[in-house]
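# Remarks on the overall topology
One-letter residues, chain by chain:
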Amino acid sequence: MTQYDRPASALPPYSSLQPLEGVRILSMALNLPGPAALWRCAGMGARCRKIEPRAADRHDGLPERTADPMERYSAQAYDAMHHGIDVLQMDLKSETGQQQLHEVLAGTDVLLTSFRPDALAKLGLAWKRLQALHPHLSMVRILGSTGPDADIPGHDLTYQAEAGLVQSLQMPPSLFADMAGALMASEAVLQCVLASRRSGHGLLHEVGLAQAAHWLALPWQWGLTQPHGDVGGAHAGYRIYPCADGIIAVAALEPHFAQRLCAAAGMGEAAADMRSPATHEAIAGFMRIHSCRQLQALAEQHDIPMHPLAQ
C-alpha cells in the first residue's frame, strides 16, 4: 500500500455547512465522475480516501504516478480532483490486496465505485456479500446506465448522444453526463448517510451516467431549448448575436429585461413582440454595429443580462 502527495493545485468545492463532517468515504472510481464526486464530498467535510490499482513501471524502471487514466488525459484535472484525498495503491486481485481492502472498508461509511456489476462481483464486491461482511457500509455505484443496460459499455459522448444532446459533428464543449453524474453521486452519498442514520444499516444507491444525461436533456425534450422554444432562439431577447468584434450572449428573457433591451436598441419603451421577425431583425442590427466593450457598458448601465465574447 503506497501513498503520495500532490501539489495544492486547487481546492475542492467548499461548503461552509460541512454536512459530511466525520463521514468516511472510500472511492474505487477512476476517470472523471467518481473522482469529481469524491472531490465534492471532501468539500462537504467528508474524510475521503481512494484506492487505485498499482501503477505500472515506466521504461526507466520507476513506477508511474498513478494508474488512473485521468492523469494521462489531463494532469491538471487529476491534481485538482485529488487535492487532499488520501490515495492508496492496491492490487485487489491478490489475497493481500483483498485483505487490505476489507481492513479499510471496516472503517468506512460509504463506498463509491464505477465498475460494472460483473467486475465488482469478480472483485468480491457484490452488494449481498458486502452487506454480510460490513452491514454498516453503504455503497454508491456509478454505472454507465442503471437497469438491464448496466453492463453495456459507453462513455460521456455516447450517453449525450443517446439523450439528444449531440446536435452536430461538433464535439460537446463539456463532459456533461460525467459531471452531472458526479453531482448525482455526491447527492447519493448524502442520501445514503441520512437514510443509514435512520435505519442503522448500509444502503445501496445506483447512479447512471446515461440517466444523468437524460436529466440534463429534459429542457430539450420539453421543447424549451428547441428552435421554437423561448430559450432555444425563438425569443429575440434570449439569443447569441454577432457584434462588431465578436459575439454576445443575450438573456433578456423576463418582460422587464426584454423591455430594457428593446429600449436600448432604439425600439421605444413599449414592450415588443419578442417572437416577431421584426424584433429579431432590429436587435440583431443593433448588436452588429456595436463592439463587445460598448455592449458590456450598456448591459451594466441598463441592468440587462448580456455577456460579450470578443474574438
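We now turn to the structure provided with this report.

## Comments concerning unusual backbone geometry
Although it is not a glycine, Gln 18 adopts a positive phi angle of roughly 50 degrees. Even without a glycine there, the phi angle at Asn 31 is positive, about 65 degrees. With respect to the secondary-structure elements, Asn 31 resides in the loop between β1 (24-27) and α1 (33-43). For Asn 31, a relative accessible area of 25% translates into the label partly exposed.

## Some remarks on the packing of α1 against helix α3 (residues 75-82)
One can describe the packing of α1 onto α3 by two numbers: an axis separation of 8 Å at closest approach and a directional angle of 35 degrees. Packed against α1, whose contacting residues are Pro 35, Ala 36 and Trp 39, the element α3 presents Ala 80, Met 81 and His 82 at the interface. Here the residues of the contact of α1 with α3 are counted per class, giving five nonpolar, one polar and no charged.

## Some points on the sheet that holds strand β8 (residues 246-251)
Pairing is antiparallel across the open sheet formed by three strands, whose spatial order is β7-β8-β9. Here the strands that pair on one side only, and so sit at the sheet edges, are β7 (238-243) and β9 (306-310). The sheet shows a mean angle of 15 degrees between the axes of neighbouring strands, direction not considered. Here six bridges tie β7 to β8, and the two strands are oriented antiparallel to one another. Of the residues in β8, the one forming a bridge with Arg 239 is Val 250. Of the strands in this sheet, β7, β8 and β9 are in contact with helix α14 (residues 292-302), which crosses β9 at around 165 degrees.

## Observations regarding the pattern of salt bridges
In this structure the tally under the stated criterion is eight salt bridges. Close ionic contact of Arg 65 with Glu 71 constitutes a salt bridge, the shortest N to O distance being 3.1 Å. The class of Arg 65 is partly exposed, set by a relative accessible area of 27%. The class of Glu 71 is partly exposed, set by a relative accessible area of 21%. Arg 260 is the salt-bridge partner of Asp 303, the closest N and O atoms lying 3.0 Å from each other. With Asp 303 in the loop between α14 and β9 and Arg 260 in helix α12 (residues 255-264), the pair connects residues that are 43 residues apart, well separated along the chain. The exposure class assigned to Asp 303 is partly exposed, which follows from its relative accessible area of 49%. Through salt bridges that share partners, Lys 50, Glu 52 and Asp 68 make up one connected network.

## Considering the environment of Met 179
Turning to its location among the elements, Met 179 is positioned in helix α8 (residues 176-199). Classification of Met 179 by relative accessible area gives partly exposed; the value is 36%. The sequence separation of Met 179 and Gly 34 amounts to 145 residues, and the corresponding C-alpha distance is 9.4 Å. Residues in contact with Met 179, not counting those within four places in the same chain, are Leu 32 and Ala 36.

What counts as what
- Residues numbered from 1 in each chain as written.
- Predicted model: local features only at pLDDT ≥ 70, side-chain atom pairs only at ≥ 80, totals over all residues.
- Heavy atoms only, no water.
- Helix = DSSP H or I, 4+ residues; strand = E, 2+ residues; numbered from the N terminus.
- Buried < 20%, exposed > 50% of the residue type's maximum accessible area, 1.4 Å probe, protein only.
- Axes fitted to C-alpha atoms, helices over the stretch in contact; angles between N-to-C directions.
- Contact = heavy atoms within 4.5 Å.
- Nonpolar A, V, L, I, M, F, W, Y, C, P; charged D, E, K, R; others polar.
- Pairing = 2+ DSSP bridges.
- Salt bridge = Lys/Arg side-chain N within 4 Å of Asp/Glu carboxyl O.

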